[in-house]
Amino acid sequence: MIKFFQYFTVSLSFVLLSACGGGDTTSPIQPDPPPEQEPAPVPTPPPGGTKSDYSLFIQQGIVSIKNSPDTNFGAKDLSVWGFSSVESNPAGNSIVPGTIINAELGKTVTVSVKNNLATPHEFSFVQASANNIVASSPNPIAVGATTTYRITPKTAGIYLYSDAMNNGINQSLGLYGVMIVRPAAKLGNVVWSDGPGFTKEVTWVIADLDYKNYNLVAINNGVTNVKTANYKANYFLMNGMNGFQAMGDPNTTIQGTIDEIVLVRIANAGQYSQSLHFHGNHFQVISRNGVRLTEFEYQDTINIKPNQTAMVLYTIDQVGHYPMHVHTAQMETGGGVYLNGTAAMIIGK
Amino acid sequence: MKNKFIKNTIILITISLSSAVFSSIAYAEKIVPAISLPIATDPALNLSVTKITRIMSDNQAVEYWVFCAGGTGTGMSSMCPTTPASTLPSPTLTMIAGTTTNVTLNMHMAPQEDGSSGARNVSINPYIGHTIHLHGLDMETQFDGVPETYQEDFGGATKSSVDLRNGFNYPINSDPNNIRVDDRFVGSHMYHCHVHTVKHLEMGMYGAFIVKSASNPNWINNTAKVTFDDEWIMMISTVDPAYHTTEAKNDSAIFADYNPRYFLVNGEEGNGATINPLLSKTITLTPGQGKKLVIRLMGMHSTNASFSIMSGANKISFTLYNVDGFALKTPRTVTSVELSPGQTKDVMITLDKALTYNPQIIFSDLRNDMPFNINYAPAANRTSIVKTELIVK
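In this report, the structure presented in the accompanying data block is examined. In this text, all values refer to a predicted model and were calculated from it rather than measured experimentally.

1. Things to note about the overall build of chain A
Then comes step 1: Scanning chain A for helices and strands turns up 4 helices and 23 strands.
Then comes step 2: Expressed as a percentage of the 349 residues in chain A, the buried residues total 64%.
Then comes step 3: Nonlocal contacts in chain A, meaning residues at least 24 apart in sequence, comprise 74% of its contacts between residues at least 6 apart.
Then comes step 4: Looking at chain A as shown, the accessible area adds up to about 11,900 Å², and 55% of this sits on carbon and sulfur atoms.

2. Considerations on the interface of chain B and chain A
Then comes step 1: At the junction of the two partners, chain B supplies 65 residues and chain A supplies 63 residues.
Then comes step 2: Both faces combined, the contact of chain B with chain A buries some 5,200 Å², and carbon together with sulfur accounts for 47% of it.
Then comes step 3: Inspection of the region where chain B meets chain A yields 4 salt bridges.
Then comes step 4: Here Asp 369 of chain B ties to Lys 305 of chain A by a salt bridge, and the two come within 2.6 Å at their closest N and O atoms.
Then comes step 5: On the surface where chain B and chain A come into contact, there are 42 residue pairs in polar contact (both at pLDDT 80 or more).
Then comes step 6: Of all the elements in the fold, those that place two or more residues in the side of chain B that touches chain A are strand E6 (133–135), helix H1 (147–154), helix H3 (197–200), strand E17 (318–323), strand E18 (326–334) and strand E19 (336–338) of chain B.
Then comes step 7: When residues of the side of chain B that touches chain A are assigned to their parent elements, the largest contribution, 8 residues, is made by E18 of chain B.

3. Quick word on the state of the cysteines
All names here are of chain B.
Then comes step 1: Inspection of every chain in the model, using the stated rule, returns 1 disulfide over all chains.
Then comes step 2: A disulfide bridge connects Cys 68 with Cys 80, and the sulfur atoms are separated by 1.8 Å. As the torsion about the S-S bond is roughly -90°, the Cys 68-Cys 80 disulfide counts as left-handed. Within this pair, whereas Cys 68 is found in strand E3 (residues 61–69), its partner Cys 80 is found in the loop between E3 and strand E4 (90–96), the two being separated by 12 residues in sequence.
Then comes step 3: Cys 68 sits in the buried class, given a relative accessible area of 4%.

Rules behind the numbers
Residues numbered from 1 in each chain as written. Chains lettered and ligands numbered in written order. Predicted model: local features only at pLDDT ≥ 70, side-chain atom pairs only at ≥ 80, totals over all residues. Heavy atoms only, no water. Helix = DSSP H or I, 4+ residues; strand = E, 2+ residues; numbered from the N terminus. Buried < 20%, exposed > 50% of the residue type's maximum accessible area, 1.4 Å probe, protein only. Contact = heavy atoms within 4.5 Å. Areas by Shrake-Rupley, 256 points an atom, 1.4 Å probe, with all protein chains shown as cover. Buried area = accessible area lost by both parts, 1.4 Å probe. Salt bridge = Lys/Arg side-chain N within 4 Å of Asp/Glu carboxyl O. Polar contact = N/O pair within 3.5 Å; in protein donor to acceptor, adjacent residues only side chain to side chain. Disulfide = S-S within 2.5 Å.

Given below as structure tokens:
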């Protein structure tokens, strides 16, 4: 009980940001924005909905890779660890990525995390600072224990959470997810207070996975037998799904009518950089790694490095189906199966 | 409401194998055919596909598939003309913003992915044929060159993506109600095949697509309106030779891994102590006058990469104007830029001294961003840093 009322700044795993603005050295780097004012209480939940209490369960589950409809090949069940919202027998792909934590700026969210695996684990934020998230409670979480974290987000955006223990191995096994922080609901569909507006929003958590050298070794023989030098990813996931599956997933698809603006929040929980190419229209990059850009430049491709995030605005201006796919040869595949890598669909109506 | 469907009408192309917009300054750089696409009526520019074999620095022969201009050649193995010889990368296509042009892909005798049975669970490889994707031009679905989305929107009982993959006509800007390639697009783009891209892109089916300003073809974009004196396209790519074998087809397990062995700028290797003479460019100054050189960086690689201009051990400042063919609101002065797969960046350097510079590309690992160790190469060449040479006289 006492943990519920202790307010510590959590021991977070910090990742130094390499750069902003697409990695151009000496380009102006914006400082972290100052904390926004806590909004007044609001009568209705913000877009996407929020709640104040979340329960996550660290446990083993399955990512089920589906066949390519072109070749009727590629199906495979991959054993993973994840932050599940369901304690027993999480079905299908519900375990990776972890439950999206929807939060409202300045409002404290309580996240209870129960460790159902046989080794200690942790719940921590990547790229957190005093200006964006203040969380509490100690890590690690003992076997069988439940630890509760109180998180008070100070800046709207997307934040990657993970279990960073064991030199990042736990995260690569599937223990990651994101928290979305939105401004006060009364402000409507804006990315941040006085920020740009949008009409729809999607969240893309991308990742890679080395099933042979990481998951199978860790799950069968223990994490200590995983050799990080051997990591060679062969599956590339979009919201825990293979490409064809993700392209048919309504929660992953950018879709709308002409002139609708879709906010895409992206986080890379994997170990490989992913260069995402959008068809149909250029998008505007509005934020990288929590840094709000002062000029929203147009691009059709954006490189998201490991543990980095970005937010872009995509305006639908053509009718039809358009792909978004990673532009790196192997990463278009899942286990070598074409278009079963990182991909999503864009639909203009 | 915007009209989203293009009428296949207007079309004429004249082909100029040496683009008028390129400077007449003599240099040793590799010459990739450049094709201007002026306002078109009829007929279209024909692109064909052929295969070429290159002997790489370790004496391995690697087969590539490339586009060529024409399609009127003779012979059973290729419809591509023998002169000029087909190149890697494919010809540079240049058009004027706001004009209408048209490109037709001719599939006669094109090399294709092996469609024989035995490829896993299918009897016929679904990835036969080729398309053209005008990367960065934001084409509408039916002309976007993507079989899967074409099938989604236009497939049915009588039409399938096979129609697209067996040769197709790509009108650009031909809908007067929806001029897409307008002034915003003045800058560097690319084109490539979008069939089974894990294979076909890697095989070399790509080239530069430059959109020029109608006001001044030497403006770097229509926002800054800065005029350049010369330009240098640097198409960067990587090669895993396993992907170039006939075994690499369909859903081969070869595609579950990527081991880049060759690191290319304009199709040429250049890592090591000695500069590849095909990666050298010379610019002669007029006394008392500087010259502005735009370097068009094109990313068709499958690794991370960064670009910088060295003078000895020092990085020289340059200015980034365009990203993915769109103008930055405020150009940025930098000493290096990253270039990720599928990205383009246009940078400009002002040359006012007789000096030799070394623009260089560092290809790096997607996981740790470190250069690769090329273990087959002589000791002096064992990095994935490709150095070029810019001689200013």
